[in-house]
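# Descriptive structure summary
The chain contents come next:
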Amino acid sequence: MIGTLGPVTFSVSDKRIRTFNDLKLSHSARYAEHAIIGKRGLLEFVGFGVDSVSMTIKIGLELGLKPYEELRTLRKMYRDRAAFDFVLDGKPVGENLWIIEGFDEELESFTIDGKLRSALINIKLKEYVTIDEEK
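Overview of the structure. Keep in mind the model is a prediction, meaning the values are calculated, not measured.

About the criteria used
- Residues numbered from 1 in each chain as written.
- Predicted model: local features only at pLDDT ≥ 70, side-chain atom pairs only at ≥ 80, totals over all residues.
- Heavy atoms only, no water.
- Helix = DSSP H or I, 4+ residues; strand = E, 2+ residues; numbered from the N terminus.
- Rg over C-alpha atoms; globule rule 2.2 N^0.38 Å.
- Buried < 20%, exposed > 50% of the residue type's maximum accessible area, 1.4 Å probe, protein only.
- Areas by Shrake-Rupley, 256 points an atom, 1.4 Å probe, with all protein chains shown as cover.
- Lys, Arg positive; Asp, Glu negative; His and termini not counted.
- Charge placed at Lys NZ, Arg CZ, Asp CG, Glu CD.
- Pairing = 2+ DSSP bridges.
- Axes fitted to C-alpha atoms, helices over the stretch in contact; angles between N-to-C directions.
- Core = buried A, V, L, I, M, F, W, Y, C linked by side-chain atoms within 4.5 Å.
- Contact = heavy atoms within 4.5 Å.
- Phe/Tyr/Trp six-rings, centres within 6.5 Å; stacked < 30°, edge-to-face > 60°.
- Polar contact = N/O pair within 3.5 Å; in protein donor to acceptor, adjacent residues only side chain to side chain.

### With respect to the overall build of the protein
The secondary structure content of the protein amounts to one helix and eleven strands. What you see in the protein, going N to C, is helices and strands ordered as β-β-β-β-β-β-β-α-β-β-β-β. Here the protein has a C-alpha radius of gyration of 19 Å; the compact-globule value for 135 residues is 14 Å, and the former is much larger. Dimensions of the protein, computed from the C-alpha atoms along their principal axes, are close to 70 × 30 × 25 Å. Within the protein, the fraction of its 135 residues that count as buried is 33%. With an accessible surface of roughly 9,200 Å², the protein has 52% of that area assigned to carbon and sulfur atoms. Put simply, the protein has 20 plus and 22 minus side-chain charges, and the middle of one group is 4 Å from the middle of the other.

The following block contains the structure:
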């Protein structure tokens, strides 16, 4: 097993390949700028920004997956607005849960009878920080 995002398990076996590419983690800090007459402004650290993740998930019949079911699962996770654990290599990513901020579906190919054969999902996650959890 590579990892999980809530109910979605990323793994590779001889029967199924559910994994991702182009994983990017983004971190930021927030600064206020104070104007000073006749001089350069001063920056003051006011806190950390919310971390974000983006990745591309390939789904396809040739990978042992049912593309419509995979899409249905991701759409439900997104629409339910629930926060999930994101785990890679047995370790949580970040210090908090994650929500699906949005995703793009690129429907790549279809079978001769019109079934979805393969798709790329570009997914965006945001760290879900509550006031009690903020560190």
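### Some points on the sheet that holds strand E4 (residues 20-26)
Spatial ordering of the open sheet is given by E4-E7-E11-E10, a layout of four strands whose pairing is antiparallel. The open sheet has two edge strands, E4 and strand E10 (97-110), and neither has a second partner. Ignoring strand direction, the axes of neighbouring strands in this sheet form an average angle of 15°. The sheet contact formed by strand E7 (residues 52-60) and strand E11 (residues 116-128) spans nine bridges and is antiparallel. Paired with Gly 60 across the two strands is Ser 118, which belongs to E11.

### Considering the nonpolar core
Among the nonpolar cores identified, the biggest contains 25 residues, and Phe 86, Ile 123 and Leu 125 are the most heavily contacted of them. Secondary structure elements with two or more residues in this core: strand E2 (8-12), E7, helix H1 (67-79), strand E8 (86-88), E10 and E11. The element contributing the most residues to this core is E11, with five residues. Those residues within four positions of Ile 123 in sequence are excluded, and the remaining contacts are Leu 5, Val 53, Ser 54, Met 55, Ile 57, Leu 74, Ile 100, Gly 102 and Phe 103.

### A closer look at the packing of aromatic side chains
The geometry of two aromatic rings is summed up by the distance between their centres and the angle between their planes. Applying the stated criterion across every chain yields a total of five aromatic pairs. Pairing Phe 10 with Phe 20 gives two aromatic rings, centres 5.1 Å apart and planes at 85°, and the pair type is edge-to-face. Placement of the pair is Phe 10 in strand E2 and Phe 20 in strand E4, with a sequence separation of ten residues. Relative to Trp 98, the ring of Phe 86 has its centre 6.3 Å away and its plane inclined at 85°; by these criteria the two rings are edge-to-face. Remark: Trp 98 occurs in strand E10 and Phe 86 occurs in strand E8; sequence separation between them is twelve residues. An identical accessibility class is assigned to Phe 86 and Trp 98; each is buried. Clustering of aromatic rings is evident, with ring pairs tying together Tyr 31, Phe 45 and Phe 48.

### A few points about the side chain of Asn 96
Residue position: Asn 96 is located in the loop between strand E9 (91-92) and E10. Side chain to side chain, Asn 96 and Glu 127 meet in a polar contact 2.7 Å long.

### Here we look at the side chain of Thr 111
Structurally, Thr 111 is set in the loop between E10 and E11. The class for Thr 111 is buried, based on a relative accessible area of 17%.

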